[in-house]
Amino acid sequence: MFLRLALSCAMLTGGLGAAQTAPAAQASHAMPAARVSAAPAARTPQDTAVAQASQGTAVAQAVRAPAAPCSAPYRIDRTLPNGARWQLCWEMRNIEGLTLTKVVYTPKGNRPVSVLRSAALAQIHVPYDSGSPRYHDIGALGSTAIPLLAADCPGGERREQSVCVTTRARGHAYLKSGYEEPSVSAQGSDLVVFAAFQVGWYTYLAEWAFSDDGAITPRVGATGSLAGSTTTAGHGWPIGVGSATFEESHSHNVFWRLDFDIQGKSGDVVEQYDFSGSRTAKRKLKRTTFTREAKALNRRTRWWRVVDRGVRNADGHPVSWELNNSDSSQYRGPAGEAFTRADVYVTGYRSCERLASVNPAPRCAGSVDRYVNGERLTDPVLWVNVGYHHVPRDEDADPMPTHWQGFRVTPRDVTAKNPH
Amino acid sequence: MGRQRIVMALAGAGAVAVVGAALLLPGGQGSQAAEAAPREPVPGDPLTGAEIARAGDIASATSRAHMAAGRVNLLYVERDDGKDAEERRRADAYLYDYATDRLIVRTVDLGRGTIVKESVTRGVQPPPSKAEEVRAAELLLADPAYGGGVREAYARAAGRQLRSVADLGLRGLIFTPGQEGGARRCAAHRCVRLFVRLPGSTWLDTSRIVVDLSAKKIYTLEW
């Protein structure tokens, strides 16, 4: 056996049921969501109100405040400057790392709506362009959490060293010019929860932004160092001096698992929206309701929503959260990596289905494509696959600038008007 | 054995020192275990250190002889976050039997102090534990072909001789043969791909090296 040990130090390589007590017509701007009277009982501890939406009135029941689902160090309860409130719990799980649970949103002037039962990363698949190596970067992610410095959590608080909880400006929430009066405008803000993980050369930043308008933006940033694997010109980019070595291009296919439970697990339905009409003047809305488990592909105007028809806002519209996955590079791998071949998966809740690939649970399918097996959906879980193709550049020389990838979850009809 | 050409490249990376320190944190489940003062956990809290220890003890009770012999290892304990058991404190203990290549997951009800479920399976590989990362590195160091190269790279980066694997920053990922050629025995065995970090924020290029913890062998991927 011939062993060559080449030590090269080149540049990089070498180098939430909200109800209102007043008739809808009397409400000024903040229209809350309410569970319609068809619901015989509250579905969650927070689901304290029953509304008779069909009569245009809502009746609130005086109910004691529910106990917090987690203790202080793991509890996040933040009211943002505009009055929007987010409540959730975090846990640094051994495998998935930062996991957020029991996420509840309270729009200003409204009652709380539970949104997500659980949300976490479900895989970071990293295939290199030459075909090898091909990593599944979620190992025991929790044990790779990096202790954060104060500077890593600007304006925030660090929880048990590795989780940052902070608030961040997000630019204009709105701006409307006045007619004779002055313009009205407001600056928006996000509650941000994040942790950093060291996986090999890479540092992954797992971030969740909860906006004061009810939006949720999960994203992952990759920084740290490039792997330093060199390849041929066809599979890489020369980033050292000259054009002798080519740093290998690769994909980061990040998967998230989102268990939406809008006011409890019952009544949640996933719909897909398309708009027909190509090279035509008219466009028409097409709604596809997923009654069974499904794999879905991105399209330019396509989006999905998780809707609970049993939970209505003051306009009588069902409360939903919309999902947009428009920034993915849409990597499609070989047959053995079928989990890469769809952008959104909708599966029925099973506690053992935890990761999108290399699932660690016994007596369970091994990857998300196999979780989709025709089951009728009663408690849907969404899996979102966002790819980023990284072609290295000189600027990636150490420390590598953070490149981000993620998607958007926005409230659709949670309130009857802008709850600003 | 065919002629194999292995390149171990030292990646010169200038990451901040704290990252290196994090990598060198001792094993265990510090990140998952609650570190605050002892208190009665509520259902949604992470497992406390005491709960992890207790769940591990209960789950290991019937495997002690195999564990003493090194045949079975307790990988880690994870909180059971299933919706059907939300109000209960339950923990899943992951054990692996390297002789039969079986994953054993025992669910412990911490309120009752008993195992309420056991699943045994083959072909499912949860992530490597901290102890497995160390074991894999020990096998790598003991390998006649690679051990010397790792020591040499360490000496060059650190300016001193490697004393033990504790000097190395280790991260492991499960390797299963699929799209990458070689190491076919890893379809059934428990195999790990290591990332080895050296002082000065450099890494060994170990991307082609696979450590078979079941067979206690090192494989080199051919690509």
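Given the structure is predicted, the values throughout are model-derived calculations rather than measurements.

## A word on helix H5 (residues 147-158) of chain B
All names here are of chain B.
Part 1: Its twelve residues place the ends of H5 16 Å apart at the C-alpha level, agreeing with the 16 Å of an ideal helix rising 1.5 Å per residue.
Part 2: Residues of H5 that are buried: Val150, Ala153, Tyr154 and Ala157. Considered in projection along H5, the buried side chains sweep an arc of 100° and stay on one side of the axis.
Part 3: Two residues or fewer past H5, Gly159 is found with a positive phi of approximately 75°.

## What to know about the sheet that holds strand S16 (residues 246-248) of chain A
Strand pairing in a sheet takes place through backbone hydrogen bonds and is either antiparallel or parallel in direction.
Part 1: As summarised here, the arrangement of the three strands in space is S14-S16-S15 (chain A), forming an open sheet in which the pairing is antiparallel. This sheet does not close on itself; its edge strands, each paired only once, are strand S14 (230-231) and strand S15 (236-238) of chain A.

## Some thoughts on the domain arrangement of chain B
Residues and elements named next belong to chain B.
Part 1: The domain architecture assigned to chain B consists of domain 1 (10-27 + 128-220) and domain 2 (49-121).
Part 2: One C-alpha centre belongs to domain 1, the other to domain 2; they are set 27 Å apart.
Part 3: Across the contact, seven residues belong to domain 1 and six residues belong to domain 2.
Part 4: Class assignment for the residues of the side of domain 1 that touches domain 2 results in three nonpolar, three polar and one charged.

## Describing the confidence of the model for chain A
Residue and element names in this part refer to chain A.
Part 1: Per-residue confidence for chain A averages 87 on the pLDDT scale, and 84% of its residues sit at or above 70.
Part 2: A low-confidence stretch, residues 1-32 (pLDDT under 50), is modelled with 121 contacts involving residues beyond four sequence positions or located in other chains.
Part 3: Predicted confidence for residues 36-63 stays below pLDDT 50, and this span has 63 contacts to residues more than four positions away or in other chains.

## A short note on the nonpolar core
Part 1: With 136 residues, the main nonpolar core has Leu382(A), Trp383(A), Val384(A), Leu194(B), Val196(B) and Val211(B) as its most contacted residues.
Part 2: Top element by residues in this core is strand S7 (residues 113-127) of chain A. It accounts for nine residues.
Part 3: Mapping this core onto the domain boundaries places at least three of its residues in each of domain 1 (10-27 + 128-220) and domain 2 (49-121) of chain B.

## Overview of the UniProt feature "modified residue: 2',4',5'-topaquinone" (unreviewed entry) in chain A
Residues and elements named next belong to chain A.
Part 1: Residues annotated by UniProt as "modified residue: 2',4',5'-topaquinone" (unreviewed entry) correspond here to Tyr202.
Part 2: Judged by C-beta crowding, with 20 C-beta atoms within 10 Å, Tyr202 ranks as buried.
Part 3: When neighbours within four sequence positions are excluded, Tyr202 is seen to be in contact with Ala222 and Gly224.

Rules behind the numbers
- Residues numbered from 1 in each chain as written.
- Chains lettered and ligands numbered in written order.
- Predicted model: local features only at pLDDT ≥ 70, side-chain atom pairs only at ≥ 80, totals over all residues.
- Helix = DSSP H or I, 4+ residues; strand = E, 2+ residues; numbered from the N terminus.
- Expected span 1.5 Å × (residues − 1).
- Buried ≥ 20, exposed ≤ 12 C-beta atoms within 10 Å, placed from the backbone.
- Arc of directions from axis to C-beta.
- Pairing = 2+ DSSP bridges.
- Domains from an automatic or database assignment.
- Contact = placed C-beta atoms within 7 Å.
- Nonpolar A, V, L, I, M, F, W, Y, C, P; charged D, E, K, R; others polar.
- pLDDT = per-residue confidence, 0-100.
- Core = buried A, V, L, I, M, F, W, Y, C linked by C-beta atoms within 7 Å.
- UniProt positions renumbered as here; feature names shortened; annotations may be inferred.

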